[in-house]
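# Examining the three-dimensional arrangement
Spelled out, the chains give:
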Amino acid sequence: MDPTHLLILGAAGLFGGILSGLFGVGGGGVFVPALVYGAGWNIKEAVAASLVIIVFSALSGTVRSMRSESPVNWRVAALFSCTVAPSALIGVFVSRFSPDDVVELVFGCFLLSLAYPTFRRGSGRGGRRSLPPALALLGGVGVGTLSGLIGIGGAAMMVPLMMLGFGVSPKSAISTSLAITVLLGSVGAAGYILTGFDRLGGLPPLIACAMAGAWLGVRLRDRLSEGFLQRAFAAFMVVVAVRVLYDALSGLLA
């Protein structure tokens, strides 16, 4: 791998790691395109690699969050892990036999449906809970499946589900999503490795920079107000949804 590719991957790892610590995301939305367009990997290799990387970025963010003002809610983490992590294997299985376009379309629409209530709560106009906890946990099955299918950490859906279904504060939900992502990424990555992924040698620059970025992201998160962070996360959800919907529609119309 030439120096230019190493620089691109290092920058992607740092940026994805900062997003991981700041918003609780795994960084797959950064890692996958970096590997596809920056290193020339195919999409399924990039998805598998993204799941490996997010294990380390989420672990770094989780360790740092344990010393922050908003630690992990371990009860909610355990509940969500029971539905989210095993479901990643469904996504791994589906990715072997089907295109991603329709699933991405559903994912984007679901994100948009959660963005508005998330923004309302950040603006001080929403209630403590807006979803039954059982429905929020059921949504975890979809989170895990999509994570295994398209290589994301799943926080774009996990965080609002925890806030709306369990009344978890925004910062605590972000910390909790990082802890869940460690297990989620481990299950998804193991699934891909057992089914033939063998390009682990090109990942160290991304992993190292992602871990450093996650540490910085948590420090930055501690300095922001919860209302601002929640509104910013809602905006982030919209950006991710628009990107996913664009990719899905482009694939379906091609």
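It should be emphasised that the depicted structure is a prediction, and the values quoted were computed from it without experimental measurement.

How each quantity is defined
Residues numbered from 1 in each chain as written. Predicted model: local features only at pLDDT ≥ 70, side-chain atom pairs only at ≥ 80, totals over all residues. Heavy atoms only, no water. Helix = DSSP H or I, 4+ residues; strand = E, 2+ residues; numbered from the N terminus. Contact = heavy atoms within 4.5 Å. UniProt positions renumbered as here; feature names shortened; annotations may be inferred. Buried < 20%, exposed > 50% of the residue type's maximum accessible area, 1.4 Å probe, protein only. Phe/Tyr/Trp six-rings, centres within 6.5 Å; stacked < 30°, edge-to-face > 60°. Lys NZ or Arg CZ within 6 Å of the ring centre and 35° of its normal.

### Some remarks on the side chain of R64
Relative to the helices and strands, R64 resides in helix α3 (residues 43–65). R64 has contacts with W215, V218, R219 and D222, leaving out every residue within four places of it along the chain.

### Let's talk about the UniProt feature "transmembrane region" (unreviewed entry) in the chain
Per the UniProt entry, the sites bearing "transmembrane region" (unreviewed entry) are residues 6–39, 46–66, 72–95, 102–119, 134–161, 173–194, 200–220 and 232–253 in this numbering. The distance separating the terminal C-alpha atoms of residues 232–253 is 31 Å; by composition the span is 100% helix and 0% strand.

### Some words on the environment of A11
Note on placement: A11 falls in helix α1 (residues 3–23). You can call A11 partly exposed: its relative accessible area is 45%. Along the primary structure A11 and P205 are separated by 194 residues, whereas in three dimensions their C-alpha atoms are 9.1 Å apart.

### Focus: helix α7 (residues 155–166)
Of all 12 residues in α7, 12 are buried, a share of seventy percent or more. For α7, the full list of buried residues reads A155, A156, M157, M158, V159, P160, L161, M162, M163, L164, G165 and F166. Just beyond α7, the residue with positive phi is G167, at close to 65°.

### As for the packing of aromatic side chains
The final tally for this structure, using the stated rule, is one aromatic pair. Here F80 and F166 contribute two aromatic rings whose centre-to-centre distance is 5.7 Å and whose plane-to-plane angle is 65°, an arrangement assigned as edge-to-face. Remark: F166 occurs in helix α7 and F80 occurs in helix α4 (residues 74–95); sequence separation between them is 86 residues. You'll find F80 and F166 in the same group, each marked buried. Seen from the ring of W215, R64 lies directly overhead, with NZ or CZ sitting 5.7 Å from the centre.

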